[in-house]
Amino acid sequence: MPKLAVFSQTFFLVLNIATLLQICIAKSYNVVDFGARADGKTDSSSALLKAWVAACSSGSESTVLVPQGTFLVDSVSLYGPCKNKMQFQLLGNIVAPSYESLSNHQSWISFNNVDGLSFIGGGTIDAKGKLLSFSLQGCNNVLVNGLKSFDSEGVHISINECNNITMQNLILTAPADSPNTDGIHIGNSNFVSVLHSKIGTGDDCISIGPGTRNMWMDHIVCGPGHGISIGSIGGAPREEGVENIEVQNSVFTNTDNGVRIKTWARPSNATVTNVKFTNLVMKNVTNPIIIDQEYCPQSNCPKGSSGVKISNVKISSVSGTSRNPQALVLDCSPTNPCQNIKLQDINLVYSDKMKQTQRATSLFKHAYVN
């Protein structure tokens, strides 16, 4: 463990220095020079878009700079491909309008088909409960560092059909009772990392959707929220699966779930395989570890059994307190039992409302456990 920590700190230091050097040599396009006003009242959407187009069209590495101050921005879509690598440097604050004109937009600030993007935070984006905040669609080789996102109406960061995405040092927050406010949602993407980040929302801290492969989450502080979830999977008969997912060195505090795999109880060709949950701390978590193959948040639930095949799941070095006497629940499909589930060094205790503790119990249904 100490070796991993030293390696991580060194890696991030080198990565951040390299990013800062890129920003220093890149040509800068300040949104103020394109008409943006840092008064928090004037719509600066057009200025931001013009700065992006100018930078994206440049033959050299370029930076779109949002300086200190508060900038009101309506929904903007920033498109590639660009002629060279791009940086987006946010030093100030971007706020959403208070009116409802954006309800038909999928996201508030979106990057589309950009290859080689560095988004460097320092400032904040505040959706004011109006919008789905920030999205990457069809992007490759992206670094998002230091983004702070507040009060999204839905998903704070949405990633779809992307490759080689690194997100680190994020702060994503929404009220604990806000519906569907996932911190990060990933779908149909490959090689995604979320590192050293704090996420507290009314829904999943991180949700991993169909078609996600090779994802690594390390040093996540999650809470409040619904934990880190794979799924739901199997919503359609033919759907991409999920594989090679790892969550490690993370803490869950006052969440509904810790780590979870959830699938619908209906026919599906999807698979969930090669998953590792390791070195996790649960603090007053309702369901610290759960596989739920009868997932249904609605009243009209499917009556069948899940066709999603879950296999090669390793859960190790998990400790802490559970609000549920059954802290480890593997409720798998009767027609497709979970295969090769490995449990090691699970130390969870049940803490009731009187703060009295006792060893927690487990529930296994249709699960082959090693």
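Going by the annotation in an unreviewed UniProt entry, the name recorded for the protein chain is Polygalacturonase, with Salvia splendens given as the source organism. The annotation that UniProt attaches to the protein chain under Subcellular location (unreviewed entry) is "Secreted, Cell wall". Regarding the protein chain, the relevant UniProt record gives this comment under Sequence similarities (unreviewed entry): "Belongs to the glycosyl hydrolase 28 family."

Take the sheet that holds strand β30 (residues 361–365) next. Taken in spatial order, the eleven strands of this open sheet run β5-β8-β11-β14-β17-β19-β21-β23-β25-β27-β30, and their pairing is parallel. Looking along the sheet, the strands with just one partner apiece sit at the ends: β5 (76–79) and β30. Neighbouring strand axes in the sheet, compared pairwise and without regard to direction, differ in orientation by 10° on average. For strand β14 (residues 157–160) and strand β17 (residues 184–187), the ladder comprises four bridges, and the chain directions are parallel.

Attention now goes to the packing of aromatic side chains. Taken as a whole and assessed by the stated rule, the structure comprises eight aromatic pairs. Taking the centre distance of 5.4 Å and the plane angle of 70° together, the rings of W264 and Y295 count as edge-to-face. With W264 in the loop between β23 (257–263) and β24 (271–285) and Y295 in the loop between β25 (287–292) and β26 (309–322), the pair connects residues that are 31 residues apart, well separated along the chain. The class of W264 is buried, set by a relative accessible area of 11%.

Let's shift gears to the pattern of salt bridges. Per the counting criterion, the structure on display carries seven salt bridges. D204 is the partner of R260 in a salt bridge, and the nearest nitrogen-oxygen pair spans 3.1 Å. Of the two residues, R260 is situated in strand β23 and D204 in the loop between β18 (190–200) and β19 (206–208); the sequence distance between them amounts to 56 residues. Summarising the burial analysis for this pair, R260 and D204 share the class buried. Notably, a salt bridge pairs D256 with R323, separated by 4.0 Å at the nearest N-O pair. Residue D256 is located in the loop between β22 (242–253) and β23, and its partner R323 is located in the loop between β26 and β27 (326–331); the two are separated by 67 residues in the primary sequence. With relative accessibility at 35%, the residue D256 sits in the partly exposed group. When its relative accessible area of 32% is taken as the criterion, R323 is described as partly exposed.

Within this structure's numbering, the places UniProt gives as "active site" (unreviewed entry) are H226. With respect to the element layout, H226 can be found in the loop between β20 (213–222) and β21 (228–233). On the basis of relative accessible area, H226 is assigned to the partly exposed category, the value being 22%. Apart from the residues within four sequence positions on either side, H226 is in contact with G202, D203, D204, D256, N257 and R260. A distance of 3.3 Å separates the side chain of H226 from the backbone oxygen of G202, its partner in a polar contact.

Another point: the state of the cysteines. Scanning the model with the defined rule gives four disulfides in all. The disulfide bridge from C56 ends at C82, spanning 2.1 Å between sulfur atoms. Here C56 and C82 share a disulfide; its torsion about the S-S bond, -105°, makes the bridge left-handed. On the criterion of sequence distance, the pair formed by C56 in helix α2 (residues 45–57) and C82 in the loop between β5 and β6 (86–90) is long-range, its members being 26 residues apart. Relative accessible area serves as the criterion here: at 8%, C56 is assigned to the buried category. Taking relative accessible area as the criterion, C82 reaches 18% and is therefore assigned buried. Disulfide pairing is shown between C332 and C338; the S-S distance is 2.0 Å. Residues C332 and C338 are joined by a disulfide whose S-S torsion is about -100°; by sign, that bridge is left-handed. Across the protein chain, the way the bonded cysteines pair up, counted in sequence order, is 1-2, 3-4, 5-6, 7-8. Between C139, a free cysteine, and C162, which holds the nearest cysteine sulfur, the sulfur-to-sulfur gap is 4.9 Å. Exposure remark for C139: the relative accessible area of 0% places this residue in the buried category.

Attention shifts here to the nonpolar core. Within the largest apolar cluster, 88 residues are counted, with the highest numbers of intra-cluster contacts made by W52, F88, F111, L136, I184 and I206. When residues no more than four places from it in sequence are discounted, the contact partners of I184 are V155, I157, I159, M167, L170, L172, V194, I199, C205, I206 and S207.

As a further point, take the environment of R260. Overall, the relative accessible area of 9% leaves R260 in the buried class. Leaving out residues up to four positions away in the same chain, R260 has contacts with D204, H226, I228, S229, I230, I290 and Y295. Polar side-chain contacts of R260 include one of 3.0 Å to the side chain of S229.

Moving on, we get to the side chain of T212. Looking at the secondary structure, you find T212 in the loop between β19 and β20. Of note is the side chain of T212, whose polar atom sits 2.8 Å from the backbone oxygen of G209. Not counting the four nearest positions on each side in its chain, T212 is found in contact with I186, G187, N188, S189, G241, V242, E243 and I245.

Parameters at a glance
Residues numbered from 1 in each chain as written. Predicted model: local features only at pLDDT ≥ 70, side-chain atom pairs only at ≥ 80, totals over all residues. Heavy atoms only, no water. UniProt positions renumbered as here; feature names shortened; annotations may be inferred. Pairing = 2+ DSSP bridges. Helix = DSSP H or I, 4+ residues; strand = E, 2+ residues; numbered from the N terminus. Axes fitted to C-alpha atoms, helices over the stretch in contact; angles between N-to-C directions. Phe/Tyr/Trp six-rings, centres within 6.5 Å; stacked < 30°, edge-to-face > 60°. Buried < 20%, exposed > 50% of the residue type's maximum accessible area, 1.4 Å probe, protein only. Salt bridge = Lys/Arg side-chain N within 4 Å of Asp/Glu carboxyl O. Contact = heavy atoms within 4.5 Å. Polar contact = N/O pair within 3.5 Å; in protein donor to acceptor, adjacent residues only side chain to side chain. Disulfide = S-S within 2.5 Å. Core = buried A, V, L, I, M, F, W, Y, C linked by side-chain atoms within 4.5 Å.

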